[in-house]
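Observations on the model geometry
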Amino acid sequence: LGGTLDQSFGRRTTGSKYDYVFNFGANISDFLYLGANLGINTLEYSSSEYFKESAVDPSDFEINFDDGSAMYFEQMKYDYSYSVSGSGVFAKIGFIMTPAGGLRIGGAIQTPTVTTLNEEWRISASTKFSDKGANGSSSSPYGTSTYHLRSPMKANFGVAYTLGTLAVLSADYEVCNYKGMRFDGSSADRDYFNEINKDIRDIFGMGHTFRAGVEVRPASSLAVRAGFNAMSSPEKMDYWGNEVKNEAVKNISFGLTHVPHSP
């Protein structure tokens, strides 16, 4: 380098996500409760960044020409912008059944969310010299891409039992099919997405989560709670193709709550 450069970098990101859910419910003789959701989500994200170099003393960066003239480098700036927007649709149906006494049995299935994503990006650069006529700038055409992402399908089942006002016991199980995730796009991108989908099938499997809890009321003003949670990893292999030992992450929790008397 001819001399000292003053370098700076900046980045700005913004984004938002919204969910719109339409619900339907039905009660059949206080024995069977049915529910259904239709969900629509929208998202937006944008990022812009720049990198700039400026000569602290332009005379350190002399550019000589064959005719004997000279000029000096002053500044270079590089810009990159990226944005993505999308929307998706999913559905969820479930039930709660009360077959006897304090027993409750429930279950639900959530379909994959199919999201359509639209990306756009652009690169530009500019230079400045002591001779203003030599200044230049250029921008690439906007790059665009549209593709679809399918999220995993989920299902959960649970059971709970109430022992009057003394205690509540509950347990539920959730399974998530990460192997079913998929990217899809235009025919031009088919080979690229096929390779990604193959990696998903090879690396991921099913994710399992089990939860159990109990709450006991030894006194009218005191509640004692305990819970257990076990969650397995959906990864079967790591990035390098090595088999992952699937050990569940386990958590135990305890708590005491003071229950104030109603007036």
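The notes below deal with the structure included here. Going along each chain's sequence as written, the residues are numbered from 1 onward. Selection of residues for local features in this predicted model requires a pLDDT of at least 70, selection of side-chain atom pairs for listing and counting requires 80 or more, and totals for whole chains, interfaces and linings are taken over all residues. Note that water and hydrogens are dropped before the side-chain values are worked out from all heavy atoms of the structure.

On to the pairing of strand β2 (residues 32-55), then. As defined by bridge partners, strand β1 (residues 5-28) adjoins β2 across 24 bridges and the pair is classed as antiparallel. The residue of β2 that forms the bridge with V21 is G39. Paired strands, in this sense, are two strands between which DSSP finds at least two bridges. The numbering of helices and of strands both runs from the N terminus, where a helix is a DSSP run of H or I of at least 4 residues and a strand a run of E of at least 2. Linking β1 to β2, which pair antiparallel, is a turn of three residues; within it S29 sits at a positive phi near 55°. Alignment of β2 against strand β4 (residues 70-97), held across 23 bridges, turns out to be antiparallel. Bridge pairing in β4 places S46 opposite S83.

Before going further, it helps to examine the pattern of salt bridges. For this analysis, a salt bridge means a side-chain nitrogen from Lys or Arg found within 4 Å of a carboxyl oxygen belonging to Asp or Glu. In this structure the tally under the stated criterion is seven salt bridges. Between K17 and D19 there is a salt bridge; the shortest N-O distance is 2.9 Å. One salt bridge in this structure joins K77 and D79, with 4.0 Å as the shortest N-O distance. Each residue's exposure class comes from its accessible area (1.4 Å probe, protein chains only) as a fraction of the maximum for that residue type: buried when under 20%, exposed when over 50%, partly exposed otherwise. Taking the relative accessible area as the measure of exposure, K77 reaches 28% and is therefore partly exposed.

Bringing the packing of aromatic side chains into the picture now. The relation between two aromatic rings is expressed through the spacing of the ring centres and the mutual angle of the planes. Between the rings of Phe, Tyr and Trp (Trp by its six-membered ring), a pair exists once the centres lie within 6.5 Å; its type follows the angle of the planes, with under 30 degrees stacked, over 60 edge-to-face, and the other angles tilted. Per the counting criterion, the structure on display carries eight aromatic pairs. Seen in terms of ring centroids, F73 and F129 are 6.1 Å apart; in terms of plane orientation they differ by 70°. Their pairing is edge-to-face. With F73 in strand β4 and F129 in strand β6 (residues 114-129), this pair connects stretches of sequence that are 56 residues apart. As far as burial versus exposure is concerned, F73 and F129 are alike and both buried.

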